Amino acid sequence: MKFINVLLVYVFLFCVNLNAQSEDILLVLKNNYENGTSENILPLSEDVIALNINSAEFWFLKALCEDQVGDFSASKNSLIKSEVNGYYKKSKLYYHLAKAELNLDNKEASLAYVEKALDRRAKPEQFEDEAFSDLSDSVVFMKLLESYKPALNKWTGTFLFIAIQGIILFFVLFFRKKGNTKANKNLGLFVLSFSIILLFYVGYKSRYLYEYPLIYFRKLWIPMMFALGPLLLFYVKDLFKIKYSSRFKLGHFSLFLIAFAFYASFHLLDPKNRIYNVAMDIIWYEWVKNIQMFVYLVLIYKLVKKAKDNVGPNVVKWLHYMMYTYAGFVLSFALYSTLNNFDFFYSDGLDYMICLLISASILLIGLFGLVQPQIFWGFSIVGALNVIKYEKSGLIPSLAAELKQKLIELMVDEKIYKQNNLNLDELSSLLGTTKHNTSQIINEHFNENFFDFLNDFRIDESKELLLDVNCKMTISEILYEVGFNNKVTFNSAFKKRTGVTPTQYRIQMSQAV
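As the structure is a prediction and not an experimental result, all values here were calculated from the model. Sequence positions are assigned chain by chain, starting from 1 and proceeding in written order. A pLDDT threshold of at least 70 governs which residues receive local features in this predicted model, and a stricter bar of 80 or more applies before side-chain atom pairs are shown or counted, although totals over entire chains, interfaces and linings include all residues. Side-chain measures here rest on the full set of heavy atoms in the structure, leaving out hydrogens and waters.

Comments concerning the overall build of the protein chain
Condition: Helical segments are the DSSP runs of H or I of at least four residues, strand segments are the runs of E of at least two, and each set is numbered from the N terminus. Exposure categories follow from relative accessible area, calculated using a 1.4 Å probe and restricted to protein chains: below 20% of the type maximum is buried, above 50% is exposed, and the middle band is partly exposed. Accessible areas in this description were obtained via Shrake-Rupley with a 1.4 Å probe; residue shielding takes into account the shown protein chains only.
Counting its secondary structure elements, the protein chain contains 25 helices and zero strands. Scored against the burial criterion, the 513 residues of the protein chain give a buried share of 43%. Counting only carbon and sulfur atoms, one obtains 60% of the accessible surface of the protein chain, whose full area is about 28,300 Å².

This is the structure:
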């Protein structure tokens, strides 16, 4: 056992020593290149090459040094080996390959690498230096540079406008005080995440994303992808008043938090550690995002399916629209991830489809804010159940509209809510209809029950009296004046709607004046 332990220690130390030697040669190559003294290190020994034969960084730095001493053929070969070993900074790699081919007088091959570098987000300005002066008289070269300069087209301009609308919608939802505030916040963050992803595509397609300071936000879309599923799930949970703990919610956002931590550290610290980069690649791997989003799509589907019998059809339709749009986005991204591995695939079409789906989600939420505000701001289960409760009612729309108008007149003009003994039977008699119809009108058109409906008017009246400096009535007198029968009920109803008691309200308002 001791022998094995000693052997393992020696193996470990040997690996560490190899890694140190590898890192040492990279540092030496880099320093000599930056100092302009590449001739001092070239040519490299066979042992050094053998030790670093699988290092993309080694071959790239070796190519730079070879280029500096004028050995363009060797530089080209080293760059190709760097590409084969997976050098990740493709724009830099293709830039130097274009330069090497041009130095070898292979203009067509150089132009091909220029296009590859530009396609990998190299800036056109990089190719306007002296190294590429031999291509300056080429019409193809000049058109190529012009076509890759940052600019918005009609599509990216439209998507930018929609993304800005999404950010505005986020603020409206997130800071809305009425309705289901928890659900609104999750929906607002969901819209914000979609807007950030859409802004990424706008920046990517227009090439503005690689301009300073936007370049620091080019990876922000990745953690946002991990936020979409949990946000939509908790929006549905909050919509149905399903309780959950903060720890439970935090667990669902763990992948988002990890991805965001990698994003922040990637830009702030620019780490070079191999283990760090491998871990980041695993988390940022496209199929990790695909699997996570698909899992949440299934969870959301099951939750909606389970609850759909307990809510009205308008709410179910709204959730289905949301779910289908999210499903379209998930499937499109999965298709993009699959096809992107094939050389024949032209990604622009699917990129725009993903942008259209994100735009549809933002516009859909905004549209429902106008058409179905009670859903947009968060609905009550009781209110949604009313749709099912009165599904077989014989109350036709024209009669319902007429009764609603008459009810408003009774409340606003005649102020019948001041009658302390007013009940549903008496109100129905005044409307000239049945109790069932009266209840349906109040439930469907005002989304309240009979007593809450009456108390809304009574509290509004009491607030006016409390604010009136000429009103000499006490609070006890006011409560009877507006239709309440006792102080406990009045205080409870008043605090429910204002957050303070009538006495506190009168003091606060008098101090404000």
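As for a negative patch on the surface
Defined as follows: For patches, a residue must show more than 30% relative accessible area and have no salt bridge; joins then use 9 Å for like charges and 5 Å for nonpolar side chains, namely Val, Leu, Ile, Met, Phe, Trp and Tyr. What makes a salt bridge here is a side-chain nitrogen of Lys or Arg within 4 Å of a carboxyl oxygen of Asp or Glu, nothing more. Within this scheme the basic residues Lys and Arg register as positive and the acidic residues Asp and Glu register as negative, but His and the chain ends are omitted. Note on charges: their place is set at NZ of Lys, CZ of Arg, CG of Asp or CD of Glu.
On the surface, E125, E128, D129 and E130 cluster together into a negatively charged patch. Tracing the backbone through its elements, the reader meets E130 in the loop between α6 (107–119) and α7 (139–147).

Topic: the side chain of T325
Test applied: The contact definition used throughout considers only heavy atoms, calling two residues in contact when any of these lie within 4.5 Å.
You can see T325 is positioned in helix α15 (residues 313–339). Those residues in contact with T325 that sit more than four places away from it in its chain are L357, S361 and L364.

Considering the packing of aromatic side chains
Under the convention used in this document: For this analysis, a ring pair means two rings from Phe, Tyr or Trp (six-membered ring only for Trp) whose centres lie within 6.5 Å, classed as stacked if their planes differ by under 30 degrees, edge-to-face if by over 60, and tilted for the remaining angles.
In this structure the tally under the stated criterion is 33 aromatic pairs. When the centroid spacing of 5.0 Å and the interplanar angle of 70 degrees are considered together, the rings of F127 and F132 count as edge-to-face. Neither F127 nor F132 differs from the other in exposure class; each is buried. Where F194 meets F329, the ring centres are 5.2 Å apart and the plane angle is 85 degrees; that geometry is what we call edge-to-face. Residue F194 is located in helix α9 (residues 181–206), and its partner F329 is located in helix α15; the two are separated by 135 residues in the primary sequence. This pair shows no difference in class: F194 is buried, exactly as F329 is.

What about the environment of F294?
Its place among the elements puts F294 in helix α14 (residues 286–307). Sequence separation between F294 and A327 is 33 residues; the distance between their C-alpha atoms is 8.1 Å.

Here's the deal with empty space enclosed by the protein
To keep things clear, this is the line we draw: Grid spacing is 1 Å over the protein atoms alone, the probe is 1.4 Å, and a cavity is where that probe fits but cannot get out, while a pocket is an open set with protein on both sides within 12 Å along at least five of seven lines and lining residues have an atom within 4 Å of a point. Grid points are joined across faces, edges and corners, and a volume is the space filled by probe spheres set on the points. When residue character is reported, Ala, Val, Leu, Ile, Met, Phe, Trp, Tyr, Cys and Pro are called nonpolar, Asp, Glu, Lys and Arg charged, and the others, Gly included, polar.
Taken as a whole, this structure holds one cavity of 30 Å³ or more when the rule is applied. In this structure, the largest cavity encloses a volume near 50 Å³. The wall of the largest cavity is formed by R121, A122, K123, P124, Y148, P150, R207, Y210 and E211. For the lining of the largest cavity, the class distribution of residues is five nonpolar, no polar and four charged.

So, unusual backbone geometry
That bond from L42 to P43 is cis: its omega, -5 degrees, falls within 30 degrees of zero. For P43, the location among the structural elements is in the loop between α1 (2–35) and α2 (46–51). The backbone phi angle of D105 is positive, close to 70 degrees, even though this residue is not glycine. On the secondary structure map, D105 appears in the loop between α5 (90–103) and α6. Phi is positive for K415, which is not a glycine, with a value near 50 degrees. For K415, the location among the structural elements is in the loop between α19 (397–412) and α20 (424–431). Overall, the relative accessible area of 32% leaves K415 in the partly exposed class.

Observations concerning the pattern of salt bridges
Counting across every chain of the model gives twelve salt bridges. Between K76 and E101 there is a salt bridge, with its nearest N and O atoms 3.2 Å apart. Of the two residues, K76 is situated in helix α4 (residues 72–84) and E101 in helix α5; the sequence distance between them amounts to 25 residues. Judged by its relative accessible area of 5%, E101 falls in the buried class. A salt bridge links K415 to E461, with the shortest nitrogen-to-oxygen separation between them at 3.5 Å. Highlighted residues: K415 in the loop between α19 and α20 and E461 in helix α22 (residues 450–467), separated in sequence by 46 residues.

Examining the nonpolar core
Here is the rule: What makes a nonpolar core is a set of buried Ala, Val, Leu, Ile, Met, Phe, Trp, Tyr and Cys residues whose side-chain atoms join them at distances within 4.5 Å.
In this structure, F190, Y235, L319, Y326 and I365 are the most contacted members of the largest nonpolar core, which totals 65 residues. Secondary-structure elements contributing two or more residues to this core are α8 (154–174), α9, α10 (221–239), α12 (254–268), α14, α15 and α16 (348–371). Top contributing element to this core by residue count: α10, with 14 residues. For F190, the residues in contact, after removing those within four places along its chain, are L228, L231, L232, M322, Y326 and I365. With 36 residues, the next largest nonpolar core counts I25, W59, L61 and L111 among its residues.

Re α4
Put simply, the rule is: One fewer than the residue count of a helix, multiplied by 1.5 Å, yields its expected span.
Over its 13 residues, α4 runs 18 Å from end to end, which matches the ideal 18 Å to within 8%, given 1.5 Å per residue. Residues of α4 that are buried sit in contact with α3 (56–68) and α5. Two residues or fewer past α4, G86 is found with a positive phi of approximately 90 degrees.

Structural notes on the packing of α20 against helix α21 (residues 435–446)
The following threshold applies: To obtain an axis, a line is fitted to C-alpha atoms, over the contacting stretch when the element is a helix, and the angle between two such axes runs from 0 to 180 degrees between their N-to-C directions. If an angle is under 35 degrees, it is roughly parallel; if it is over 145, roughly antiparallel; if it lies from 65 to 115, roughly perpendicular; otherwise it is oblique.
Where α20 meets α21, the axes come as close as 9 Å, and the angle between the chain directions of the two elements is 95 degrees. With respect to each other, α20 and α21 are oriented roughly perpendicular. Counting all contacts with α20, which are made through L424, D425, L427, S428 and L431, the residues of α21 involved are K435, T438, S439 and I442. Residues that form the contact of α20 with α21 fall into these classes: four nonpolar, three polar and two charged.

Regarding the environment of I168
In this structure, I168 sits in helix α8. A sequence separation of 27 residues divides I168 from S195, and the C-alpha atoms of the two residues are 10.0 Å apart.

Some points on the confidence of the model for the protein chain
The test is simple: What pLDDT conveys is the predictor's confidence in a given residue, as a value from 0 to 100.
On average, residues of the protein chain score 81 in pLDDT, and 83% of them reach the 70 mark or higher. The secondary-structure element of the protein chain with the lowest mean pLDDT is helix α18 (residues 381–389), recorded at 46, while helix α11 (residues 246–252) shows the highest, at 92. This stretch, residues 379–388, has a pLDDT under 50; its non-local contacts, to residues over four places away or in other chains, come to 25 contacts.

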